[in-house]
Amino acid sequence: MEDTKKDKRIYTLSEEAPAKAVVKMGVPLIMGMMIMVLYNLVDTYFIGLMHDDYQLAAVNLAYPVMMISIAISNMVGTGAASLIARSFGAGNKEKANHTLTVGFSLTVLNSIIVTIIGIALLPQIVTGLGAKENTFGYTSQYAFIILLGSIFTMGNYTFGQLLRAEGSAKFSIIGMVLGTVVNIILDPIFIFVLGMEIRGAAIATILGNACGMLASVLLYATGKSLLRPSIKYILPTKEILKEIFWVGVPATLETLLTSVAYIVNNNLAVGYGELTVAAMGVAQKILSMGNYIYQGFAAGTQPLMGYNYGAKNYKRMLNILKSGIAVVSSVELCVMAIFGIFAPQLIGIFTQSPDVIATGAKVLRTLMCILPFVGAISMSRTSFQSMGKPQYAFTITLVRQLFLYVPLLLIFNHVFGFNGMIWAQPVTEVIMMIVSTTLLYRVISKHARGAYE
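What counts and how
Residues numbered from 1 in each chain as written. Predicted model: local features only at pLDDT ≥ 70, side-chain atom pairs only at ≥ 80, totals over all residues. Heavy atoms only, no water. Helix = DSSP H or I, 4+ residues; strand = E, 2+ residues; numbered from the N terminus. Buried < 20%, exposed > 50% of the residue type's maximum accessible area, 1.4 Å probe, protein only. Contact = heavy atoms within 4.5 Å.

Engineer: What am I meant to see in the environment of Gly179 here?
Structural biologist: The topology assignment puts Gly179 in helix 9 (residues 174–193). Accessibility expressed as a relative area gives 0% for Gly179, which makes it buried. For the pair formed by Gly179 and His414, sequence separation is 235 residues and the distance between their alpha carbons is 41 Å.

Engineer: Help me understand the environment of Thr366, please; the structure alone is not making it clear to me.
Structural biologist: Note on placement: Thr366 falls in helix 14 (residues 354–367). Along the primary structure Thr366 and Gln425 are separated by 59 residues, whereas in three dimensions their C-alpha atoms are 9.1 Å apart. Not counting residues up to four positions away in its chain, the partners in contact with Thr366 are Ile422, Trp423 and Pro426.

Engineer: Before we go on, may I ask you to explain unusual backbone geometry in this structure?
Structural biologist: For residues that are not glycine, phi is negative in most cases, and the peptide bond is trans in most cases. In the Ramachandran plot, Glu197 falls in the positive-phi region, its phi being about 50 degrees despite a non-glycine side chain. Looking at the secondary structure, you find Glu197 in helix 10 (residues 197–221). Judged by relative accessible area, Glu197 falls into the partly exposed class, the value being 35%. One non-glycine residue, Lys312, lies in the positive phi region at around 60 degrees. As for its position among the elements, Lys312 is in the loop between helix 12 (274–310) and helix 13 (314–348).

In structure tokens form, the structure reads like this:
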């Protein structure tokens, strides 16, 4: 029975029709990520029920703390997942198992470092996030608990990536689903029944991640995965470390740059009032439903590209890229239409403030314009990572965040005010879609022609 499961997973990676393979690998992740949307929205929803917009703003201000934890776990998850997929494609299962075990140990080590440094520098971090007098205390409370539970957040995220690398897309979402269900159950208990307010929301989030991480560990321990960590592989080789960090460090820098852009955006928004931050936070959380769709397709495409790169099947890689972009762009256009029609009603789920609803609907209707374009960018970036070419992936993010988005954010905000600030991202994504897909197509085509050794 296990051999049959293995054959089906390998068949999907190596031979299945490109569009069908993209859907098969992407849809389970999207379903899991839709559950993750609830993970992000549930805190916002229950905190909104307290009718305290400052606590609502604090959740948004503290969000980069979670993003930075994920950025660091992404270093190990992306680097190890890329090497695992390429090793599978080349038929080297022992190296894949060794890489998996090293990924586990590095995740634990990194989480300890994040917790110690984050708590030691908490006041400076909260100030840098843009918290002011009315939000500083709430932001500190939320961020402290998130930092304390870094091991669970980072473990849940990384182990899911490692499961996807071997083609186990369905298994990889179990941790996400379980974690979200636990969070939804615990949130009202901690926030209202125990009266812990924003601290309760943070505790529920961490306990949810802890359950999700445990689920992934049990999948490996019970032998349901193709690979299993082993104590004999606990010590990394120089080659594996080099490969993990070669792909992983740029991936981490990408997420960190995104966090920097997010912080710059929040600091500009504070200039229009702290409640504007609350409105933008709600709009961005709703937009995450669209974001997780393209991220799910991109994450599902990553092992397909990595496996076929290892097998030197470049023609299939190009077909996967074309099919993936067509699928994700079509789906996102439908999501965009829903957001445009129901924006005020969606914002109104989380707050009763007319000002927050009006501003949030305006932000959502502007930011939704990124959706038809960002899928191609994300798919291009993750494809470069899966090929072991992180320099291209990092270049895309560097140009996108530092050379385009942040400058446009500052310039548009200065010239056009709040309207200009929120239009900076859609303009950025249109430009980057053209740049990133052209670059990836040319690199794969060069491999197909034998231009690379």
